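Chain and residue survey
Chain by chain, the residues:
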Amino acid sequence: MSKPAAPLKGRAARLARLMPSTGPSTAARTPFVLLVVLLLGGGLITLLLLNSALNEGSFRLSELKRDTTELTDEQQALQRDVDSRSQPDALERRARELGMVPGGSPAFLNPDGTVRGKPTEATAPPSPSPSPTPSPGAPAGAAPDPDAPAAGATTGPSGSASPSGSVPATEPDPATVPEAENTPPPTSPGR
């Protein structure tokens, strides 16, 4: 039989230690390398998915911020409209347009059932009556329109005669209403 190989000495021994030996150690490294490659690949794919999800969230966030800005602008415009219509002079003008008149002096009931004060009826301030002028198409001696209400009769905002006991309402004359009241309310920009 053959003799076993003698151990190497000196320079040959050092070279043998640096050179990998062929054998079972190469087969043991393959699963480890595959595991490292799979972990790196999985990490890169996870990072890509996370990045795309963050970008989608960023786009959604910018869209929601834009919507919030638009809705805030619209809310502020509506609040300005409410504030302008809530001013006392605007409320009074609108109430007069609807045929309301300022109330008279009120009476109060005390807890014992007695009345304090003397109530008075609300009366409409006298409205300036324009001098009647015949329409351009009507002859000078023409009879008044039978469907038109009489000069002393008053009608409410719906066109029907006001019930008895109520205060007569007057409609504002379109010729005397200032131009600012005939303009439509402002709208919010972009809508």
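Because the structure is a prediction, the values reported are computed rather than measured.

Before going further, it helps to examine the overall build of the chain. Scanning the chain from N- to C-terminus turns up four helices and two strands. A separation threshold of at least 6 residues defines the contact pool for the chain, and within that pool the share at least 24 residues apart is 34%. As displayed, the chain offers around 16800 Å² of accessible surface, 64% of which is attributable to carbon and sulfur atoms.

A full pass over the atoms with the stated rule returns five salt bridges. With a closest N to O distance of 4.0 Å, R66 and D67 form a salt bridge. A salt bridge links R94 to E97; its shortest N-O distance comes to 3.2 Å. Separated by three residues within a single helix, R94 and E97 lie in helix α3 (residues 88–97), roughly one turn from each other. Given the relative accessible area of 47%, R94 is considered partly exposed.

Caution applies to low-pLDDT parts of the model: their predicted coordinates are not meant to be read in detail. Scored by pLDDT, the chain has a mean of 74; 58% of the residues are at 70 or more. pLDDT under 50 marks residues 176–182. Its contacts with residues more than four places away, or in other chains, come to four contacts.

As a further point, take the environment of T68. Take T68: it is sitting in helix α2 (residues 24–86). Of the polar contacts made by the side chain of T68, one reaches the backbone oxygen of L64; its length is 2.7 Å.

Rules used in this analysis
Residues numbered from 1 in each chain as written. Predicted model: local features only at pLDDT ≥ 70, side-chain atom pairs only at ≥ 80, totals over all residues. Heavy atoms only, no water. Helix = DSSP H or I, 4+ residues; strand = E, 2+ residues; numbered from the N terminus. Contact = heavy atoms within 4.5 Å. Areas by Shrake-Rupley, 256 points an atom, 1.4 Å probe, with all protein chains shown as cover. Salt bridge = Lys/Arg side-chain N within 4 Å of Asp/Glu carboxyl O. Buried < 20%, exposed > 50% of the residue type's maximum accessible area, 1.4 Å probe, protein only. pLDDT = per-residue confidence, 0-100. Polar contact = N/O pair within 3.5 Å; in protein donor to acceptor, adjacent residues only side chain to side chain.

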